[in-house]
Amino acid sequence: MKIFNGDLKKIALQSININYSYLDIQKISESLSEVLPTYYKYGLAASNDINTILIYLALLYNNCTFLIFDPSVLKNKNNFIKSIGLDNIISHIDLKELDQNNFKKEKINNNNIHFHLYKKELDSKKIRRNEPSILLNTSGSSGIPKIVRISYQNLISNTIGIIESLNLTCQDKSISTLPLFYTYGLSILNTHMFSGGTFYITDKSIIKKSFADELSSFKPTIFSGVPSTYHMLRKMDYFYIKQPFVRKITQAGGALDLGIQKEILEICSSKKSFYVMYGQTEATARISCFNLSNFPNKIGSVGLPLRNLSVEINDRDDNSKIGKIFVKGPSITSGYISTFDDLFLEPRTRTLDTGDLGYLDDDGFLFITGRSSRFCKINGKRYNLDVIEKEYNSVNLKKINAVSNDQFLFLFSIIPISKKTLKILGIHPTLIKNILIKNIPLKANGKVDYSYLLELAEKILTKK
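A quick note: this is a predicted structure, and the numbers were derived from the prediction, not measured.

Q: It is not clear to me how the overall build of the protein should be interpreted in this structure. Could you clarify?
A: Within the protein, the secondary structure is distributed over 10 helices and 26 strands. In summary, the protein has a C-alpha radius of gyration of 23 Å against a globular reference of 23 Å for 464 residues, a match within 12%. Taken along the three principal axes of its C-alpha coordinates, the protein extends 65 × 50 × 40 Å. Counting the 464 residues in the protein, one finds 55% classified as buried.

Encoded structure:
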């Protein structure tokens, strides 16, 4: 599948001191056809470098099935990569964690692209063709890795929907601020390649001066991030998105503090647009999107469904418009795989139960109120942990993150909090445990790692 569609002479990919045109990408993809036969199942260790992107585009071009993963998972001996039986693993960097008895390493130098190819001795019974798929892992709310199977049709459908919602053109340029193994970060690359734009790849953290230097040199028209990105930018007085060349600002990956949203809206004025989005890996990437700059009265919403998707609210509570969010459409994936043989099943059409709770207002705008799994029952009373966080954080400068084991409510914060401020929660103080933590743990996608917080809370409770 050819996902890059720009003018052949135009620069498609950039990194520090190196450029690739759309013609270069096509030549590289074609030259790797013999190296990447379609009957193998590949793993791509996705570092934020230009070689990783070139390999990714070549895998798509040659209709391969492949898993995109964070190289750091190889440090865990019980990682999910072994469970699905990959034939070959590709990486720009040396993967010392791979068992050399199972994989034989080759160095590939082809058309100015260099990478390591780790080959496994194959069982001839496994050499079967399947519908090409992209595999991405999602930790989910339980923290247990799941592998989502994304068909090429899912990918194209969602990419087109995002391009339309963001009004992307071949003039748009974006810089990487997120990992490529994260569905949001990958979708930014896909949309720019498909619309004929330009993408700049860097592995520099946004808090480093080197990132600022690269951004100033490249001058992206779009800046994208998750909530943690904008929390960091706030400490920098939003320096990056104030630059005159940045015309579009996009945010996904969870709820962004309303105060920060208002501050970004003020920066935008009439010269910039601020897009808020909502998505899941199980929906390929994005589900909804809107330009908050055009609808400031809808602040707190995640927008309208993409044109080719529909959203339904089911299983509402009595006398409430809030219920479970379900999504239908061509970018909804067929679900998870757990074994190699699952890849040979035909992709199926389904309705996605997002696991999120929310409602649609009278204008069709979607509002997320929490996760259906983020509930606890303490002393026989049911509580929504997301609501507890929002209610407390909306009136207190000292932010909390809440988890529960259905016996106690654990509140984590990086600054000591007063017990007096907890009265608004309506829970007896003996059932609340305040835990001071140096840093709130985040997943690679920038979301709070609640599974780790609950594990930490249980350990602290056991020691007492």
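Q: I'm lost on the sheet that holds strand β26 (residues 432-436) in this one. Help?
A: Two pairing modes exist for strands in a sheet, parallel and antiparallel, and in both the strands are linked by backbone hydrogen bonds. Overall, mixed pairing links the 3 strands, which are arranged β24-β25-β26 in an open sheet. The open sheet terminates on both sides in strands that have one partner only, identified here as β24 (401-404) and β26. Averaged over all neighbouring strand pairs, the angle between strand axes comes to 25 degrees, with direction disregarded. Two strands pair when backbone bridges link them, and β24 and strand β25 (residues 409-413) are joined in this way by 4 bridges, in the antiparallel orientation. By the bridge assignment, Asn401 is partnered in β25 with Phe412. Contacting β24 and β25, helix α9 (residues 385-393) crosses the sheet at an angle of about 150 degrees to β24. Of the strands in this sheet, β24, β25 and β26 are in contact with helix α10 (residues 450-463), which crosses β24 at around 65 degrees.

Q: Got a minute to help me understand the nonpolar core in this structure?
A: In this structure, Leu13, Tyr56, Phe66 and Met193 are the most contacted members of the largest nonpolar core, which totals 73 residues. Per element, the largest residue contribution to this core is 9 residues, and it comes from helix α2 (residues 50-61). If near-sequence neighbours (up to four positions away) are discounted, Met193 is found in contact with Ile3, Phe4, Asn5, Gly6, Ala12, Leu13, Tyr22, Ile25, Leu57 and Phe199. Phe218, Tyr230, Ile241 and Ile260 belong to the second largest nonpolar core, which has 29 residues in total.

Q: What should I look at first to understand helix α4 (residues 152-166) in this one?
A: Each α-helix turn comprises 3.6 residues. Residues three or four places apart therefore point the same way. End to end, α4 covers 21 Å across 15 residues, agreeing with the expected 21 Å (1.5 Å per residue, within 8%). Three or more residues of α4 are buried, namely Tyr152, Asn154, Leu155, Ser157, Asn158, Thr159, Gly161, Ile162, Ile163 and Leu166. Downstream of α4 by one or two residues, Asn167 has phi in the positive range, about 55 degrees.

Q: Quick question: what am I supposed to make of the side chain of Lys248 here?
A: For Lys248, the position within the fold is in strand β13 (residues 248-251). Among the polar contacts listed, one links the side chain of Lys248 to the backbone oxygen of Asn167, at a separation of 2.8 Å. The contacts of Lys248, once residues within four sequence positions are left out, are Leu166, Asn167, Leu168, Asp172, Thr221, Ile222, Phe223, Ser273 and Tyr275.

Q: Is there a simple way to explain the packing of helix α1 (residues 22-31) against α2 in this structure?
A: How two helices sit against one another is set out by the angle between their axes and by the gap between those axes. At a closest axis distance of 9 Å, the pairing of α1 and α2 adopts a crossing angle of 65 degrees. For α1 against α2, the interelement crossing comes out right-handed. The residues of α2 that touch α1, namely those facing Ile25, Gln26, Ile28, Ser29 and Glu30, are Leu54, Leu57, Ala58 and Tyr61.

Q: Would you take a moment to explain the pattern of salt bridges for this structure?
A: If the charged atoms of two oppositely charged side chains come close together, the side chains can form a pair. Per the stated rule, a full pass over the model turns up 17 salt bridges. Of the charged contacts, one joins Arg371 and Asp356 as a salt bridge, the two residues approaching to 3.1 Å between their closest N and O atoms. Residue Arg371 is located in strand β21 (residues 366-371), and its partner Asp356 is located in strand β20 (residues 352-360); the two are separated by 15 residues in the primary sequence.

Q: Even after reading the chapter, I still don't get unusual backbone geometry, so can you show me in this structure?
A: Most peptide bonds take the trans configuration, and most residues that are not glycine carry a negative phi. One non-glycine residue, Asp237, lies in positive phi territory at about 55 degrees. Within the secondary structure layout, Asp237 lies in the loop between α7 (227-235) and β13. What makes Asp237 partly exposed here is its relative accessible area of 49%. In this structure, Asp315 takes a positive phi of about 55 degrees despite not being glycine. Judged by relative accessible area, which is 54%, Asp315 ranks as exposed.

Q: What is the right way to read the side chain of Gln243 from this model?
A: By the secondary structure assignment, Gln243 is in the loop between α7 and β13. By relative accessible area, Gln243 is classed as buried at 16%. Among all residues touching Gln243, those that are not within four sequence positions of it are Leu215 and Lys272.

Q: Teacher, can you tell me more about the environment of Pro296 here?
A: Within the fold, Pro296 resides in the loop between β15 (286-291) and β16 (304-305). In sequence terms Pro296 and Leu265 are 31 residues apart; their C-alpha atoms lie 8.0 Å from each other.

Q: Mind showing me how you'd approach α1 here?
A: Buried within α1 are the following residues: Tyr22, Ile25, Gln26, Ile28 and Ser29. Considered in projection along α1, the buried side chains sweep an arc of 165 degrees and stay on one side of the axis. Its buried side turned inward, α1 meets β1 (11-15), β2 (18-21), α2, β7 (113-120) and α5 (183-194).

Here is what the cut-offs are and how they apply
Per-chain numbering applies: the sequence of each chain, read as written, is numbered from 1 onward. Reporting in this predicted model follows two pLDDT cut-offs: at least 70 for local features of residues, and 80 or more for side-chain atom pairs to be given and counted; totals over whole chains, interfaces and linings ignore these cut-offs and use all residues. The basis for the side-chain values is all heavy atoms of the structure; hydrogens and waters are excluded. By definition, any uninterrupted DSSP run of H or I lasting at least four residues is a helix, any uninterrupted run of E lasting at least two residues is a strand, and each is numbered from the N terminus. Each radius of gyration reported is based on C-alpha atoms, and the globular scaling rule is 2.2 Å times the count of residues to the power 0.38. Relative accessible area decides the class of each residue, using a 1.4 Å probe on protein chains only: under 20% of the type maximum gives buried, over 50% gives exposed, and in between gives partly exposed. Following DSSP output, two strands are said to pair if at least two bridges run between them. In this analysis an axis means a line fitted to C-alpha atoms, helices contributing only their contacting stretch, and an angle means the value between N-to-C directions, from 0 to 180 degrees. Any two residues whose heavy atoms approach within 4.5 Å at even a single point are treated as in contact. Definition used in this section: a nonpolar core is a set of buried Ala, Val, Leu, Ile, Met, Phe, Trp, Tyr and Cys residues joined via side-chain atoms within 4.5 Å. Between the first and last residue of a helix there are one fewer steps than residues, each counted as 1.5 Å, and that sum is the expected span. Think of a polar contact as two N or O atoms within 3.5 Å of one another; within protein, one of them needs to be a possible hydrogen donor and the other a possible acceptor, and neighboring residues in sequence only count if both atoms come from side chains. Less than a right angle of anticlockwise turn of the near helix away from the far helix marks a crossing as left-handed, whereas a clockwise turn marks it as right-handed. One speaks of a salt bridge when a side-chain nitrogen belonging to Lys or Arg is within 4 Å of a carboxyl oxygen belonging to Asp or Glu. Note that the arc is computed from the directions linking the helix axis to the C-beta atoms.

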